[in-house]
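Structural description and commentary
Listed here are the chains, written in short residue letters.
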There are 2 protein chains.
Amino acid sequence: MRTTHEILIETRSALPALTASRERKNQALLAIADRLISEQEAILEANRADLDAARSRYGEVMLDRLKLTPERIAGMAQGVREVAALPDPEGRVLRRVTRPNGMVIEKTSVPLGVIAIIYESRPNVTSDAAVLALKSGNAVVLRGGREAFRSNYAIVQAIRKGLEDAGLPAALVGFVEDTSHESADELMRAVGYIDLLIPRGGAGLIRRCTENAKVPCIQTGTGICHIFVDETADQDMALNIIENAKASRPSVCNAEEVLLVHKNIAADFLPRLQKRLTSEREARGLVPVELRLDPAAAAIIPGTAAGEKDFDTEYLDYILAVAVVDDVDAAIAHIARHSTGHSEAILTRSDENAAKFTALVDASSVYVNVSTRFTDGGEFGLGCEMGISTQKLHARGPMGLEELNSYKYIIRGNGQIR
Amino acid sequence: MRTTHEILIETRSALPALTASRERKNQALLAIADRLISEQEAILEANRADLDAARSRYGEVMLDRLKLTPERIAGMAQGVREVAALPDPEGRVLRRVTRPNGMVIEKTSVPLGVIAIIYESRPNVTSDAAVLALKSGNAVVLRGGREAFRSNYAIVQAIRKGLEDAGLPAALVGFVEDTSHESADELMRAVGYIDLLIPRGGAGLIRRCTENAKVPCIQTGTGICHIFVDETADQDMALNIIENAKASRPSVCNAEEVLLVHKNIAADFLPRLQKRLTSEREARGLVPVELRLDPAAAAIIPGTAAGEKDFDTEYLDYILAVAVVDDVDAAIAHIARHSTGHSEAILTRSDENAAKFTALVDASSVYVNVSTRFTDGGEFGLGCEMGISTQKLHARGPMGLEELNSYKYIIRGNGQIR
C-alpha cells in the first residue's frame, strides 16, 4: 500500500502540468467519460466484490447506494460530459481597474490548487468530485469509504487512464489507499499539500474536521432545516410545501426537520397538517410522518411529545418536530438558536414579514413560499455541485465550479513605483 | 476585569440590533468620528500612560508606533469618515436568476457576523478595524497588544459612545481586557461566537492561529516577496523598481526580500545594482542595502554570502537576498519553493514570459514591471484594508469591505415544490 504522504507529494507535483495545460482540461474530461464506459467491466467486477463483502454488514438502502450497474456507470459518464460542457471558471476577470498611475489591476479567478475530499458510500462521488476539481483547474486527492474501496479504486484507474489519454499526468487524481481514520486525520493536517479539504459525510466527520483540521476546510451538509408558517400563509400551499420538504426524500440534508406554526392559526392549521402527513399519506400508500410536538402543539393534535433534543436533531427520516410560536420574531429567534445554517423557509403573504425573515435568518439559503428541497447545485442552475457549505467563509450553500476557485490580482505596468 | 467569554456573549447578542438597523451604520460611523475628536483628551492621557510604561522596554521605532498626537487622532477620525463614504458592501445582489419553475434566486452579500481581530502595537488599528467591521455590517471583538492597552481602551470607549449616539448598542464593539496569550487562544477556540478571526501580527501569532484555531481564520501579512529580472528587462526601470520595492519602507510586508536575476544579464546588471543599493544610496544620505548573495551572484559582486535561511527570511530590513537563475522557469520554480504567497514581480519586455509568470506564480498579487509595494487596499482602489490575506480561501490579497461579507441565497416563489 502506498502511503498517504507519498500520494500527497505526487498529486502536488502534478499540479503545474495542469496549470500549464488549461486548454486540455475538457479533452481530458471527455477522455475520462469514454474510459468510464470502456473500463466498465473492471469497475462492475470491483463493485461486485465490494457488494459481496458488504452484504453481511449493511442493510438494503446502504447496499443500493453502493451498487453500480451499466446504467449507473453510463450516468456517471454522462455527468462527466455535462461538466465538460460547463463554462470554464478559471481566468475570469472579476474586476478590472486602471489606477491613476496607469497600472492595470485585474482580479482574476484561479484554481485553489489541491483539493482533498473525504467521502463515504456512493462510488459515483469519486468521478463527480474528480471531474469538478479538474474542470476548475485543481488537482484532487480522494479518500473514500472502506465499503466502496474496490469500486472507487477501479473508477480512479479509469479516470487516470483518461487523463493520460489527454496527455495529462495521472497523478492529478490522487487516491488514498488507507481507509482508516488515520488517513483522514493526515489529510486534515497536510499543510502545504492541500489547499482545501471538503469533508462530505456524517456529523461526526464534519466535527472531526472542525476540531482537528490545520488545512482550510469547508463544512458541508448538516441541515436542521425549518419552515415557519406565518398567520397569513396560504394554508393549502403550506401543506404542499411541508409535505414536499419533509417527505419527498427525507434522507437528504435539505429536507425539513422542524416546523414552526404561528399561534393564531395553529388550532386551524395543525389538524389539517396532521391529517395530511399521517392518515392521508397512509391512504395513498406512503410512509406516514411521525410528529414530535411541543406542549402547545400537543394541546391541539395527537403525536409524540417532543423531548429535549428533538429541536436539535437532523432526523433524516419520516419525523417532524413541531412547535407553536408567537410570531415571526419568535420564529426567527427559534431558528437562530437551533439552525445549522443550511436552509430555512417562511410561508407568508406578508411582504414585511418575508423581508424581516430573509434579512435576519442567517443561513445559506432562505426561502419565501418555496420548499427547502431546492438547495442543490443543479436546482440553483450551477450545473453541478461539490457539496453544500454550511459555513460563511469562502463558499456558502451549493458549491459549484466557481466556488472551487480562488482569485489573484495581476498587475501590469511600465515601471510604476510608490 | 471582565472575562473574554462574557465579552463574546455580549457582542454576539448585540449583532441582531445592527442587522436590523443597516440604515444607521453611516450615522454611527460619523458619530464615532466626532467622538474620537471630542474624547481626544482622554485618549491622549491614556496614551501618555502607555508611553510612560513602555519607555523603559521599547526602542524609538516602537514608541513612535505607539504614540498618539492630536494630528494622529484627527487622522483616525478622518479615516472613519472616509470609510463612512464608501459604498455599502451589504445587500449587493451578486447574481439573480429566474429558474424554469418561476422561483427567483438572488445571491446576496451579507455580513459575516462577529469578526475578531488580534493585533499588536499601533492604536489606530483599533478604530480602523472597528469601523471596517461595522461598515460591512459586522460586530467586532478587538484584542490589542498589552503595550497599547490604555490607549486602545480609551479609543474603544469613544467608539462605543459614538454607537450609542446613533442608537446602536455599545456592545457591537467588544474589547478583550485580558491581553495574555490565554485570551488570544480563547478567541481561536470560540466556535459559535466568532465567524472570522483575523490575526494581524508577527509570524508567531499567525502560526499559532493556523495550528490552534477552531474558528474560521484568515492568515495575513507574511511577505517574502520576490522580484525576477528577466534578460529582456529594461534595466534602468529594474533599478528604480528594486530600490523602491526594497528600500522605500523595508518594514512592511509588501517590501521585496529576494531578487532573482537572469544569468544572461547578471554580469552586466548586478554591478549596477550593487552600486545603486550601496554606494549611491550612501552618497544620497540613505541607508545602504546589505546584499546576501548566492554563489553565482557572489562571483560577480561583493556582498555577504547567503546562508541556508536567507531565501526563506522576511527581513523587514535593509537586506536583500540575491540569486542568479537560469531563466523564467527557474525563477518560477524558486518562487514556488520559497514564496509566502504575498506579492511577486517579473520585470521583462517579453510578453510570453510575463504571461507564463502571471499564470504559474501562485501569489495574491503578481506584478509585471511594477513594484511589489502596491499590494495595499488603498493603492488597489478598495478605499481601505483590514489586512492582506496570504491564503486562498475566501479572500486573497488586500481585504476591503467586500471581503468582510459572505453571501446568502434568497429564494422567492409562490409554492414551488420539488
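Residues numbered from 1 in each chain as written. Chains lettered and ligands numbered in written order. Predicted model: local features only at pLDDT ≥ 70, side-chain atom pairs only at ≥ 80, totals over all residues. Heavy atoms only, no water.

1. Here's the deal with the relation of the copies chain A and chain B
- For the pair chain A and chain B, the superposition axis carries a translation of 0.0 Å, the fit reaches an RMSD of 0.0 Å, and the rotation angle comes to 180°. Viewed as a symmetry operation, the transformation between the two copies matches a two-fold axis. When each C-alpha of chain A is compared by its distance to the rotation axis, His 394 of chain A comes out closest, at 1.8 Å.
- Taken as a fraction of all interface residues of chain A, those also at the interface in chain B reach 100%, which identifies the copy contact as same-surface. (Least-squares fit on C-alpha atoms with pLDDT ≥ 70 in both. Contact = heavy atoms within 4.5 Å.)

2. A few points about the sheet that holds strand β3 (residues 114-118) of chain A
All names here are of chain A.
- Read from one edge of the open sheet, four strands run β5-β4-β3-β6, paired in parallel fashion. Only two strands of the sheet have a single partner each, and these edge strands are β5 (173-175) and β6 (196-199). Across the sheet, the axes of successive neighbouring strands diverge by a mean angle of 20°, strand direction being ignored.
- Pairing between β3 and strand β4 (residues 139-143): five bridges, direction parallel. Residue pairing in the sheet places Ile 115 in a bridge with Val 140 of β4.
- In this fold helix α8 (residues 181-188) packs onto β3, β4 and β6, with an angle of close to 150° to the strand it touches most, β4. (Pairing = 2+ DSSP bridges. Helix = DSSP H or I, 4+ residues; strand = E, 2+ residues; numbered from the N terminus. Axes fitted to C-alpha atoms, helices over the stretch in contact; angles between N-to-C directions.)

3. Here we look at the pairing of strand β13 (residues 365-370) of chain B
- Judged by how many residues are buried, β13 of chain B sits mostly within the fold: six of six residues are covered.
- Across five bridges, strand β16 (residues 405-416) of chain A lies against β13 of chain B in parallel orientation. Residue pairing across strands places Gln 416 of chain A opposite Val 370 of chain B, the latter belonging to β13 of chain B.
- Note: strand β12 (residues 343-347) of chain B against β13 of chain B, four bridges, orientation parallel. Following the sheet pairing, Ala 345 of chain B is matched in β13 of chain B by Tyr 367 of chain B.
- With helix α15 (residues 351-360) of chain B bridging β12 of chain B and its parallel neighbour β13 of chain B, the resulting β-α-β unit is right-handed. (Buried < 20%, exposed > 50% of the residue type's maximum accessible area, 1.4 Å probe, protein only. Right-handed = clockwise from strand over helix to strand, strands pointing away.)

4. A closer look at the pairing of strand β2 (residues 104-111) of chain B
Residue and element names in this part refer to chain B.
- Burial of β2 is extensive: eight of the eight residues sit out of reach of the surface.
- Residues Val 104, Glu 106, Thr 108 and Val 110 of β2 are buried on one face, and the alternating residues Ile 105, Lys 107, Ser 109 and Pro 111, pointing to the opposite face, are buried as well.
- Direction of pairing for strand β1 (residues 93-98) relative to β2: antiparallel, over a ladder of five bridges. Bridging from a neighbouring strand, Arg 95 pairs with Lys 107 of β2.
- In this antiparallel pair of consecutive strands, β1 and β2, the connection spans five residues, and Gly 102 shows a positive phi of 95°.
- Judged from the eight bridges that link them, β2 and strand β16 (residues 405-416) form a sheet pairing that is antiparallel. The partner of Ser 109 across the bridge, within β16, is Tyr 407.

5. A few points about the interface of chain A and chain B
- Counting residues at the interface gives 68 residues for chain A, matched by 68 residues for chain B.
- For the pair chain A and chain B, the number of links is eight salt bridges.
- Residues Asp 195 of chain A and Lys 392 of chain B are paired through a salt bridge, measuring 3.3 Å at the closest nitrogen-oxygen approach.
- Only β1 (93-98), β2 (104-111), α9 (203-212), α10 (235-247), α15 (351-360), β13 (365-370) and β16 of chain A provide two or more residues apiece to the side of chain A that touches chain B.
- A total of 11 residues in the side of chain A that touches chain B trace back to one element, the largest contributor, which is β16 of chain A.
- Taken together, the residues of the side of chain A that touches chain B sort by class into 31 nonpolar, 21 polar and 16 charged. (Salt bridge = Lys/Arg side-chain N within 4 Å of Asp/Glu carboxyl O. Nonpolar A, V, L, I, M, F, W, Y, C, P; charged D, E, K, R; others polar.)

6. Structural notes on unusual backbone geometry
All names here are of chain A.
- Backbone geometry at Asn 369 places phi at a positive 60°, although glycine is not the residue there.
- Its location among the elements puts Asn 369 in strand β13.
- Here His 394, not a glycine, exhibits a phi torsion of approximately 75°, which is positive.
- Residue position: His 394 is located in the loop between β14 (388-389) and β15 (397-398).

7. Here we look at the pattern of salt bridges
- Within this structure, the stated rule accounts for 68 salt bridges over all chains.
- Two residues, Arg 160 of chain B and Glu 10 of chain B, come together in a salt bridge whose shortest N-O distance is 3.5 Å. Residue Arg 160 of chain B is found in helix α7 (residues 149-165), and its partner Glu 10 of chain B is found in helix α1 (residues 4-19); the two are separated by 150 residues along the sequence.
- Accessibility expressed as a relative area gives 16% for Arg 160 of chain B, which makes it buried.
- With relative accessibility at 31%, the residue Glu 10 of chain B sits in the partly exposed group.
- Taking the shortest distance from any N to any O, the salt bridge between Arg 276 of chain B and Glu 243 of chain B comes out at 2.6 Å. With Arg 276 of chain B in helix α11 (residues 263-277) and Glu 243 of chain B in helix α10 (residues 235-247), this pair connects stretches of sequence that are 33 residues apart. Judged on exposure class, the residue Arg 276 of chain B and its partner Glu 243 of chain B are both buried.
- Taken together, the shared-partner salt bridges connect Arg 12 and Asp 195 of chain A together with Asp 362, Lys 392 and Arg 396 of chain B into one network.

8. Description of the packing of helix α6 (residues 124-135) of chain B against α7 of chain B
Residue and element names in this part refer to chain B.
- Across the interface, α6 lies against α7 with an axial gap of 10 Å and an inter-helix angle of 30°. Relative to α7, the element α6 is oriented roughly parallel. Considering the relative orientation of α6 and α7, their crossing is right-handed. Every residue of α7 that contacts α6 at Thr 126, Ser 127, Ala 130 and Leu 134 is listed here: Asn 152, Ile 155, Val 156, Ile 159 and Leu 163.
- Class assignment for the residues of the contact of α6 with α7 results in six nonpolar, three polar and no charged. (Parallel < 35°, antiparallel > 145°, perpendicular 65-115°, else oblique. Left-handed = near helix turned anticlockwise from the far one by under 90°.)

9. Notes on the packing of aromatic side chains
All names here are of chain B.
- Per the stated rule, a full pass over the model turns up 10 aromatic pairs over all chains.
- With 5.6 Å between their ring centres and 40° between their planes, Phe 149 and Phe 175 make a pair best called tilted. Pair noted here: Phe 149 is in helix α7 and Phe 175 is in strand β5 (residues 173-175), with a separation of 26 residues, a long-range link.
- Judged by relative accessible area, Phe 149 falls into the partly exposed class, the value being 24%.
- Plain terms: the ring middles of Tyr 153 and Phe 175 are 5.8 Å apart, the flat faces sit at 65° to each other, and that makes the pair edge-to-face. Taken as a pair, Tyr 153 in helix α7 and Phe 175 in strand β5 lie far apart in primary sequence, 22 residues in all.
- Judged by its relative accessible area of 5%, Phe 175 falls in the buried class. (Phe/Tyr/Trp six-rings, centres within 6.5 Å; stacked < 30°, edge-to-face > 60°.)

10. Topic: the environment of Leu 316 of chain B
All names here are of chain B.
- With respect to the helices and strands, the residue Leu 316 is situated in the loop between β10 (304-305) and β11 (319-325).
- Separated by 118 residues in the primary sequence, Leu 316 and Ile 198 have C-alpha atoms spaced 21 Å apart.
- Beyond its immediate chain neighbours, meaning those up to four positions away, Leu 316 contacts Pro 250, Ser 251, Val 252, Cys 253 and Glu 257.

11. Examining the packing of helix α8 (residues 181-188) of chain B against helix α9 (residues 203-212) of chain B
All names here are of chain B.
- Orientation of α8 relative to α9, taken along the N-to-C sense of each, is 45°, at an axis distance of 10 Å. Taken together, the axes of α8 and α9 lie oblique to each other. The element α8 and its partner α9 pack so that their crossing is right-handed. Counted together, His 181, Ala 184, Asp 185 and Met 188 of α8 and Leu 205, Arg 208, Cys 209 and Asn 212 of α9 form the full contact between these two elements.
- Across the contact of α8 with α9, the residue classes break down as four nonpolar, two polar and two charged.

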